[in-house]
Amino acid sequence: QVQLVESGGGLVQAGGSLRLSCAASGSIFSINAMGWYRQAPGKQRELVATMTSDGSTNYADSVKGRFTISRDNAKNTVYLQMNSLKPEDTAVYYCNADITTGEEVLADYWGQGTQVTVSS
């Protein structure tokens, strides 16, 4: 069974920084894209940033220039460095990964979510 475990959320003042981490574990053959999504109260879940296994990245316009996604493929871990945080960044942040398991099944996995709150 595959699990994604997130860490690094919390409360920060506007202008501050946080770093999220997400580690994948279990029966993993390979990991394709990994990324971060977020969901604010009363809103739909939205893409924040993704990174493919070869390093290509994609960012939401709202976070470009402020957030940076990175991966450590040896550790099956993805990171999200968030700088210049704004109150509108407040949301539950979810890790996502497209994983081929050891049983050669390709599936989409989600973490449990980590709360990020930015105070004004």
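The residue numbering used here restarts from 1 in each chain and proceeds along that chain's sequence as written. The model is predicted, so local features are restricted to residues of pLDDT at least 70 and side-chain atom pairs to those at 80 or more, both for listing and for counting; the totals for chains, interfaces and linings are taken over all residues. In computing side-chain properties, one takes all heavy atoms of the structure into account and sets aside hydrogens as well as water.

(A) Here's a closer look at the pairing of strand 5 (residues 46-51). Strands were regarded as paired on the criterion that DSSP finds at least two bridges between them. Numbering goes from the N terminus for both helices and strands, where a helix is a DSSP run of H or I of at least four residues and a strand is a run of E of at least two. Bridge count for strand 4 (residues 28-39) against strand 5 is 5 bridges, and the pairing is antiparallel. Looking at strand 5, one finds that Tyr37 is bridged to Leu47. Where strand 4 folds back on strand 5, the antiparallel hairpin that results is connected by 6 residues, among which Gly42 adopts a positive phi of roughly 75 degrees. Both strand 5 and strand 6 (residues 57-59) contribute to a ladder of 3 bridges, which runs antiparallel. Directly across from Met51, in strand 6, lies its bridge partner Thr57.

(B) Local environment of the sheet that holds strand 8 (residues 77-82). Spatially, 4 strands are ordered 1-3-8-7 in an open sheet, and the strand pairing comes out antiparallel. The sheet is open, and its two borders are formed by strand 1 (3-7) and strand 7 (67-72), each paired with just one other strand. Neighbour-to-neighbour, the strand axes of the sheet open up by a mean angle of 15 degrees, direction not taken into account. Alignment of strand 3 (residues 18-25) against strand 8, held across 6 bridges, turns out to be antiparallel. Bridge assignment links Ala23 to a residue of strand 8, and that residue is Thr77. Comment: axis = line fitted to C-alpha atoms, over the contacting stretch for helices; angle = value between 0 and 180 degrees taken between N-to-C directions.

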